[in-house]
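Structural overview for review
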Amino acid sequence: MNVRVFQFNGCNKCFYETILLKLDNKINVELISKPSEWKEESIDLAIITGYLLPADKEWIERIKKNSKKVVAFGDCTTTGGVFALANQKGHKVTPLNSLISNGFNVNGCLGEIEELSYIINEKELPKSKPLCNVCKRRATCDYLDRVNRQIEIDDTNTCFNDLGFLCNGFIAKACKERCIDYNTPCRGCKPMLERSGIRMLGMFGTLMGNVEMATEHSEKGATDKLADADDDVTESLPDILGNFFRFTLPTSGLPTGRIPSSGKLLQDVFTGRLIEELPLITGLLGGNKSISLTLKIIESYEKANNIEISEQTKKYRAELLKLESELIKATSEEDAQKYKETTEKIRKIAGNMNLSNLYFGGFKKQIEDNDNFETYKSHVFEVVEGIYKNGSVNYSIDPKGIIKEIKIKEG
Amino acid sequence: MSDCEVIDEEIKEKIQNVVVFMCNECGQGSANTAGVARMAYEPAIRIVRVQCTGQIGPIQIMDALSNGADAVACVGCCIGACHFFNGNLLSMHRIKLMKKLFKELGYSDQFINQYTSRAAEGETAVGDFEDIVDRLTTAIKEEGTIKDEC
């Protein structure tokens, strides 16, 4: 069976994940990182990864013409993914479904290779469960008195949402990456239903029932109305778009944003996001260089604000950086066995390929059974306004912790 | 936003459909009272009767907006007087989040609003309708409609 994988724009994590298909001898896989250089040939199956812009339509149509099946692999291709947050500033990141009609979508950030194998081998997919069914935490769904942007990770039995810590698990399917296992709330990369972000917004808005909300007197109606001024409800969620629509903005039905753009798509993805979310976003979109990018951001903040990190943390971080260079080597050689081994090692330390376990000041979950977790546990940190620099990364945050400006040298 | 500027005469034409979800108790009650007293209100107002404004959330609001409504508003019972315990407060929380979301996208937050009214006083509902249209007019004047996409 002839399979071709095409990488369009952005992060290449899903693209390299398809190297694992080479472990199956029946499939002849070829990875094409520049679709414009592809010599058109008749193929059985085309896999499309990376985010798409309307300008890519021509190449997508050519691919469709030459292949029997087209599969969108990963959130960027199926729903716009994290890069589509730039649509807030007028960019037009488009899901594959609105460019051509394709029947096969593999959601998730990172896309699940097992699910892709089922489609390639034309087997029926196993029935998926809601994420809350497999989560160890238990929910009461009581009204919240306040929303927390960060929590201490001592309580591992109460639902994140009950702790006032937004988790998108309500609308998500059970997945392979399982951020929830690493004391990180679900970001909703594998939605179970359509317009998941809007539904989650309704759900969380209801949960916020006890949070103070401002009303004002309406002159004309002579009764009370909902006030326009900021109150605890809006103050406690400074970035609704980034928290609820992180992966699904183009398919959510919301209009394209009118916020002025900086001109660069990558910068527009980051501006407006929150500092505590930053390592999670870089972990998502850094491709095979996500570890060094995430660590650069974390370390610049730690250094400037004197957040102490232990020897154990440094050791694990150094190990991760070493694994990253091994990963880059494995991906450039397209060595499936080596890729599998390296990613398994990365998953052991960083939790998953989205690096959920990495955080400011340490790690969120115990890595080895026999080491002392207290020595490298991350804690709630203070949000400090300022400009942070580290090598190719340069960003500034405002007093609320919202990213004002960011510069990342690509490559 | 100079491209979005609209002259005053055009605004009236732009406001054709304002969907107002009114709760079956105070909201619809006061609209009925206004009807009995033959009070006049804007023809653009389209009333949808619901049991309680607590039934209205982001999904219903987005459905209305994406199917051609120029603005959406909820009219419920007065604070503390909801006939279903706290439905009006819950929908106010959700609508506040929706307003913030529209602001984050660079649109005016006046496309979505929530009001209260009293069943015995028809003028509260009519006053709310007037306020909705006034606020929408100012919003369109300054920042254009949602459909303009400018």
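Residues numbered from 1 in each chain as written. Chains lettered and ligands numbered in written order. Predicted model: local features only at pLDDT ≥ 70, side-chain atom pairs only at ≥ 80, totals over all residues.

We now examine the pairing of strand S11 (residues 393-397) of chain A. Residues and elements named next belong to chain A. The side-chain alternation of S11 yields one buried face, formed by Val393, Tyr395 and Ile397, and one unburied face, formed by Asn394 and Ser396. Sheet analysis places strand S10 (residues 386-390) next to S11, joined by five bridges and oriented antiparallel. From the neighbouring strand, Gly386 faces S11, where its bridge partner is Ile397. Counting the residues in the hairpin turn of S10 and S11 gives two residues, including Gly391, whose phi is positive at 60 degrees. Here S11 pairs with strand S12 (residues 403-408) via five bridges, running antiparallel. Looking at S12, one finds that Tyr395 is bridged to Ile406. Count of turn residues in the S11/S12 antiparallel hairpin: five residues, of which Gly401 carries a positive phi of about 90 degrees. (Buried ≥ 20, exposed ≤ 12 C-beta atoms within 10 Å, placed from the backbone. Helix = DSSP H or I, 4+ residues; strand = E, 2+ residues; numbered from the N terminus. Pairing = 2+ DSSP bridges.)

Let us now look at the nonpolar core. Judged by nonpolar contacts, the single largest core of 155 residues is most densely connected at Ile47(A), Ile48(A), Val82(A), Phe83(A), Val18(B), Val72(B) and Ala73(B). When residues no more than four places from it in sequence are discounted, the contact partners of Phe83(A) are Gly10(A), Tyr51(A), Cys76(A), Val93(A), Leu265(A), Val269(A) and Leu285(A). (Core = buried A, V, L, I, M, F, W, Y, C linked by C-beta atoms within 7 Å. Contact = placed C-beta atoms within 7 Å.)

Taken together, the contacts link 36 residues of chain B with 34 residues of chain A. Residue assignment for the side of chain B that touches chain A shows that the elements contributing at least two residues are helix H3 (58-66), helix H4 (87-104), strand S4 (112-116) and helix H5 (122-143) of chain B. Take the side of chain B that touches chain A: its biggest share by element is 11 residues, from H4(B). Partitioning the side of chain B that touches chain A into residue classes produces 15 nonpolar, 11 polar and 10 charged. (Nonpolar A, V, L, I, M, F, W, Y, C, P; charged D, E, K, R; others polar.)

Residues and elements named next belong to chain A. Strands sit in the order S10-S11-S12 across an open sheet of three strands; the sheet is antiparallel. In this open sheet, the two strands that pair with only one neighbour each are S10 and S12. Within this sheet the neighbouring strands show an average axis-to-axis angle of 10 degrees, counted without direction. Here helix H12 (residues 290-304) sits on the sheet in contact with S10 and S11, set at roughly 125 degrees to S10. (Axes fitted to C-alpha atoms, helices over the stretch in contact; angles between N-to-C directions.)

Another point: unusual backbone geometry. All names here are of chain A. With an omega of 0 degrees, the peptide bond running from Cys109 to Leu110 counts as cis. The topology assignment puts Leu110 in the loop between strand S5 (104-106) and helix H5 (113-120). A positive phi angle, close to 50 degrees, is found at Arg178, a residue other than glycine. Residue position: Arg178 is located in the loop between helix H6 (131-134) and helix H7 (196-207). For Arg178, a count of 17 C-beta atoms within 10 Å corresponds to the partly exposed category.

For the rest of this paragraph, the subject is the packing of H12(A) against helix H13 (residues 311-333) of chain A. In a pair of packed helices, the angle between the axes and the distance between the axes together describe the arrangement. Residue and element names in this part refer to chain A. Where H12 meets H13, the closest approach of the two axes is 8 Å, and the angle between their N-to-C directions is 150 degrees. For the pair H12 and H13, the contacting residues are Ile291, Ser292 and Leu295 in the first and Arg317, Leu320, Leu321 and Glu324 in the second. Partitioned by chemical class, the residues of the contact of H12 with H13 number four nonpolar, one polar and two charged.

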